[in-house]
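# Understanding the architecture of this molecule
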Amino acid sequence: MSTFKAPRGTYDLIPPVSATFLAVREALAAPLKRAGYGYMETPGFENVELFARGVGESTDIVTKEMYTLTTKGGDQLALRPEGTASVLRAALEANLHKGGNLPVKLWYSGSYYRYERPQKGRYRHFSQVGAEAIGAEDPALDAELIILAVDAYRSLGLRNFRLLLNSLGDKECRPAYRAALQEFLRGLDLDEDTRRRVEINPLRVLDDKREAVQQQLTGAPLLRDHLCEACKAYHEQVRELLTAAGVAYQDDPKLVRGLDYYTRTTFEFVHDGLGSQSAVGGGGRYDGLSEMIGGPELPSVGWALGVDRTVLALEAEGIELELPAPTSVYAVPLGEEARRALFGVVTELRRAGIATDFAFGGRGLKGAMKGANRSGARFAVIAGERDLAEGVIQLKDLESGEQTPVPLASVAEELRDRLG
Ligand code: ATP
Ligand code: MG
């Protein structure tokens, strides 16, 4: 062990678990690639003001969870706590919205940083796969994104997740609701922090996880009963499209989520096997965000799915992904001459697309065969000087133990056949 440890709230991804992690990331992204979303990458840090404005000054993310720093040049930066503000900033900067082909559909995958109290499923460094559809107001687009997330979870074999759905209204109907809610909340017995929140962002009080607060919230006015006709019709269409696609959902009139910029469709995926860190993904429509960060009016919708918690959800359901073995073939040379020649065969096999490893370090036959078995390879190719002089190598099936000589010129072909 070294004298250093991974920083608090972080963990390392190590084989073989790291292979599952990578496969989950790929599975979450796969449906997006089939639906016209283009890959996007943005820096791991941004101007702190982007998040302050884009995520919201009164959110936990901005007030408590952001890693901020001042550079030697005096710039105020923050490690990115989420993806949407960065992706929209980058899309606007590249003028993607001016191509005349809206919506602009983008996906991303990467590391995010939040200074949180670490616990299982809640880390200070975590991974998300996300998607954003920028510049269109169409219930089919909201439905598309939700369906793609459901398909991603299903492709991993997950079953015990639920979709919670709500509408947060828009600039027509939310102000009146906000006022009604504020009026109600001001009459409750709340601590000072929460009373301040009532004044700044009353909707987020609905999201308070504390039992004592939740009890007082029974009877709170719900946005559902205050939606304007346009929002009601829009939400109804989203629900119909989901139902038609075989996607079940639960109406959750108190679902508001942690970010300030959401309008209309809001959703969260929760998994029932994860204890209190149950949200595996979430998202919604954010029609006002572009203007908040200095762009034109661009109604948009998106989601972010947590990779770490999706891996935990697989564990909770006892699902083991069927991953291809990292190594199919393991090469074992007998003697120095053979070592050089067989190393050439290894390179050739790899170039032919066969995952091959080699007994490095001059171990004896016994040690090398142990290496072959540990590697998980299906076959070993073994060769000594005599084999090579005869132009063959010995191909050993590591499951049956059966060994056959194969002409050097056709090793790749033979292995490809046998590996299917
Ligand atoms: P929570 O309510 O659990 O704090 P959140 O609403 O802050 O979640 P989002 O900002 O919507 O989460 O991020 C989308 C997803 O990213 C979450 O559903 C979750 O799976 C994952 N995620 C968020 N924060 C963390 C974290 N600190 N550690 C691991 N995963 C996280
Ligand atoms: Mg959070």
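Look above for the structure.
Residues numbered from 1 in each chain as written. Chains lettered and ligands numbered in written order. Predicted model: local features only at pLDDT ≥ 70, side-chain atom pairs only at ≥ 80, totals over all residues. Heavy atoms only, no water.

### Some remarks on the packing of aromatic side chains
- Counted under the stated rule, the structure contains 11 aromatic pairs.
- Where Tyr153 meets Phe161, the ring centres are 5.1 Å apart and the plane angle is 50°; that geometry is what we call tilted. There is no split in this pair, since Tyr153 and Phe161 are both buried.
- Between Phe343 and Phe358, the aromatic rings sit 5.4 Å apart at their centres with planes inclined by 70°, giving edge-to-face as the arrangement. Separated by 15 residues along the polypeptide, Phe343 in helix α12 (residues 336-351) and Phe358 in strand β13 (residues 356-358) bring together distant segments of the chain.
- Accessibility expressed as a relative area gives 38% for Phe343, which makes it partly exposed.
- The class of Phe358 is buried, set by a relative accessible area of 3%.
- Three or more aromatic residues joined by ring pairs form one cluster here, namely Tyr153, Phe161, Phe267 and Phe269.
- Over the ring of Phe379 we find Arg378; its NZ or CZ atom is 5.1 Å from the centre of that ring. (Phe/Tyr/Trp six-rings, centres within 6.5 Å; stacked < 30°, edge-to-face > 60°. Buried < 20%, exposed > 50% of the residue type's maximum accessible area, 1.4 Å probe, protein only. Helix = DSSP H or I, 4+ residues; strand = E, 2+ residues; numbered from the N terminus. Lys NZ or Arg CZ within 6 Å of the ring centre and 35° of its normal.)

### With respect to a positive patch on the surface
- On the surface, Arg363, Lys366, Lys370 and Arg374 cluster together to form a positively charged patch.
- Inspection of the secondary structure puts Lys370 in helix α13 (residues 365-374).
- Under the relative-accessibility criterion, Lys370 is labelled partly exposed at 49%. (Patch = residues over 30% accessible without salt bridge, like charges linked within 9 Å, V, L, I, M, F, W, Y side chains within 5 Å. Areas by Shrake-Rupley, 256 points an atom, 1.4 Å probe, with all protein chains shown as cover. Salt bridge = Lys/Arg side-chain N within 4 Å of Asp/Glu carboxyl O. Lys, Arg positive; Asp, Glu negative; His and termini not counted. Charge placed at Lys NZ, Arg CZ, Asp CG, Glu CD.)

### What to know about the site of ligand 1
- Ligand 1 sits among 14 residues. The nearest are Arg114, Glu116, Arg122, Tyr123 and Arg257.
- At a separation of 2.8 Å, an oxygen atom of ligand 1 approaches a polar side-chain atom of Arg114.
- With respect to ligand 1, the side chain of Gln128 contributes an N or O atom lying 3.0 Å from an oxygen atom.
- Within the complex, the protein chains bury 89% of what would otherwise be the 590 Å² of accessible surface of ligand 1.
- If you list the elements that add at least two residues to the shell around ligand 1, you get β6 (125-134), β10 (279-285) and β11 (300-306).
- Sort the elements by how many residues they give to the shell around ligand 1 and β10 lands first, with 3 residues.
- Grouping the constituent residues of the shell around ligand 1 by class yields 5 nonpolar, 4 polar and 5 charged. (Near = heavy atom within 4 Å. Polar contact = N/O pair within 3.5 Å; in protein donor to acceptor, adjacent residues only side chain to side chain. Nonpolar A, V, L, I, M, F, W, Y, C, P; charged D, E, K, R; others polar.)

### Here's the deal with a nonpolar patch on the surface
- Taken together, the side chains of Tyr11, Leu13 and Val17 present a nonpolar region at the surface, about 240 Å² in accessible area.
- Turning to its location among the elements, Val17 is positioned in helix α1 (residues 17-33).

### A look at the sheet that holds strand β3 (residues 68-70)
- Strands sit in the order β2-β4-β3 across an open sheet of 3 strands; the sheet is antiparallel. At either end of the open sheet lies a strand with only one pairing partner, and these are β2 (45-47) and β3. Taking each pair of neighbouring strands and ignoring which way they run, the sheet shows an average axis angle of 35°.
- As paired elements, β3 and strand β4 (residues 76-79) share 3 bridges and run antiparallel to each other. Bridge pairing links Thr68 to Ala78 in β4.
- Helix α2 (residues 48-55) rests against β2, β3 and β4 of the sheet, and its axis sits at about 80° to β2. (Pairing = 2+ DSSP bridges. Axes fitted to C-alpha atoms, helices over the stretch in contact; angles between N-to-C directions. Contact = heavy atoms within 4.5 Å.)

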